[in-house]
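An overview of the molecular structure
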Amino acid sequence: MNLNTDSNHKERVDDVGIYIHIPFCKQACFYCDFHFSTSLKKKDELIDALIVELELRKSEFENDTVATIYFGGGTPSLLSLEEIETILKAVYNNYSVIENPEITLEANPDDLSETKILELAKSNINRLSIGVQSFFEADLKLMNRAHNATEAKHCLELATQYFDNISVDLIYGIPGATHEQWRENIQTVLDFNIPHISSYALTVEPKTALATLIKKGKIEDVDEVHAEVQFHMLINQLKEAGFIHYELSNFSKPGYFSINNSAYWKGKKYIGIGPSAHSFSGESRSWNISNNSKYIQAIQLKTLPSEIEILSVNDKYNEYVMTGLRTIWGVSLETIVAVFGSDFKTYILAQADKYLNEELLYIEDNNLKVTTKGKFLSDGIASQLFKI
Ligand code: SF4
């Protein structure tokens, strides 16, 4: 098996992606710093605005074909089937879409009743990304997740009956969660025969409820060493189960790589629709305002409430290094020369020398990659290879 490829992962240079941000959640998870509102009052207006934004921006992709559509959030599973289909119709009406695009919906276990899953299975959604995070009640309560452990298992039982392409999110490094519980969490996902897992360390973002609770001593602080041990447990347990560790936080059975996310990591273009959504044109990055009311007002006036940053050569190089090092594909030294010039290759090799000697990086087939030992430190190593 060639670990660098994925049978589902047919690449076409002109393929692009559309990300649609659904900024509503039932309740606020303590660790979350994404943009969302727990009030659904503006849901209808917001959906109308998403449709108008899709229309307003169609010229950005007039020469491209959309290969992936991703409903993220927030909690897209709060939308009804009708609302999802209305948004999808606007995508199809305004963009050229390949015949069988990957269409992902992020969903939370408490929304996935059998009726809901049956409805989704009849729609064009063909991939579910389910925010389980843990199967232990204490973990879910500590993070203020809206679902309980029984719902987490029940939704996987149902989802696997109707969907083949499912990803489950798990969080490690939760204070108080033992290594044995973490092993059990991973095993439970494997027992459901889920083909894709995304897993992140619990991080304490400033201004979150988690940061405040830790500061007040109500919750134990996260322990990086504990998290690192669990990260390596994850790598080993999933490797034994036949998963490919294709991105730092993503593991997949062959044939189930996220096409949408792989496109981000490979520097392909995407547009992000909705409040706080980010877009990448190849030459610039832009981001919409993170405020539902202001977003709706601007779109109603047919203006885009976004800011833009034109990327310098160094910015593009830094992004390529950062994302490349996180993936199984690594940083191609050939691409560095072709896109940025041979000076950049000389630079990156000089910067990488220390990490190559420490066996945190290695070179394989002219690609610079992180070793298993270096994986937990990958973002920090990447930043040492940046050009400022
Ligand atoms: S459901 Fe997701 S987006 Fe909503 S608060 Fe929780 S982590 Fe954040």
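Here's what I pulled together on the structure shown here. These numbers come from a predicted model, not from an experiment. Every chain begins its residue count from 1, and numbering advances along the sequence as written. Local features are withheld for residues below a pLDDT of 70 in this predicted model, meaning they are given only at 70 or higher, and side-chain atom pairs are given and counted only at 80 or more; totals for whole chains, interfaces and linings count all residues. Excluded from the side-chain calculations are hydrogens and water; all other atoms, namely the structure's heavy atoms, are used.

**Examining the site of the ligand**
Neighbouring the ligand are the residues Cys25, Gln27, Cys29, Tyr31, Cys32, Phe34, Phe36, Gly74, Thr75, Asn108 and Arg145. As a working rule, the residues Ala, Val, Leu, Ile, Met, Phe, Trp, Tyr, Cys and Pro are called nonpolar, Asp, Glu, Lys and Arg charged, and the rest polar, with Gly in that last group. Of the residues assigned to the shell around the ligand, the class counts are six nonpolar, four polar and one charged. Working definition: residue near molecule or strand if any one of its non-hydrogen atoms lies within 4 Å of it.

**Focus: the side chain of asparagine 292**
With respect to the helices, strands and loops of the structure, asparagine 292 is situated in helix α10 (residues 292–300). For every residue, the accessible area obtained with a 1.4 Å probe (protein chains only) is divided by the maximum for its type, and the residue is called buried under 20%, exposed over 50%, and partly exposed between those limits. Overall, asparagine 292 belongs to the buried group, its relative accessible area being 8%. Whether two residues touch is decided by their heavy atoms; if any such pair falls within 4.5 Å, the residues are in contact. Setting aside anything within four residues of it in sequence, one finds asparagine 292 in contact with Pro23, Phe24, His35, Ser37, Leu46 and Pro275. A run of H or I in DSSP becomes a helix once it reaches four residues, and a run of E becomes a strand once it reaches two; helices and strands are each numbered from the N terminus.

**Considerations on the pattern of salt bridges**
The working definition used for a salt bridge is a side-chain nitrogen of Lys or Arg within 4 Å of a carboxyl oxygen of Asp or Glu. For the coordinates displayed, the defined rule picks out 13 salt bridges. Glutamate 53 is the partner of arginine 57 in a salt bridge, and the nearest nitrogen-oxygen pair spans 2.8 Å. Of the two residues, arginine 57 and glutamate 53, neither departs from the other in class, the shared state being buried. A salt bridge links aspartate 379 to arginine 326, with the shortest nitrogen-to-oxygen separation between them at 3.0 Å.

**So, the packing of aromatic side chains**
When two rings of Phe, Tyr or Trp (its six-membered ring) have centres within 6.5 Å they constitute a pair, described as stacked for plane angles under 30 degrees, edge-to-face for angles over 60, and tilted for the intermediate range. Inspection of the entire model under this criterion finds 16 aromatic pairs. When the ring of tyrosine 246 is compared with that of tryptophan 329, the centres are 6.4 Å apart and the planes differ by 75°; the resulting orientation is edge-to-face. With a gap of 83 residues between them, tyrosine 246 in strand β7 (residues 244–247) and tryptophan 329 in the loop between α11 (313–326) and β13 (331–332) connect regions that are remote in the sequence. Of the residues examined, tyrosine 246 reaches a relative accessible area of 0% and is grouped as buried. Put simply, the rings of Tyr317, Tyr320, Phe340, Phe344 and Tyr347 touch in pairs and so form one group of aromatic residues. Counting as a charge over the ring demands two things of the Lys NZ or Arg CZ atom: a distance within 6 Å of the ring centre and an angle within 35 degrees of the ring normal. Its end group placed over the ring of phenylalanine 344, lysine 387 keeps NZ or CZ at 4.4 Å from the ring centre. In this structure, lysine 387 is placed above the aromatic ring of tyrosine 347, and the distance from its NZ or CZ to the ring centre is 5.0 Å.

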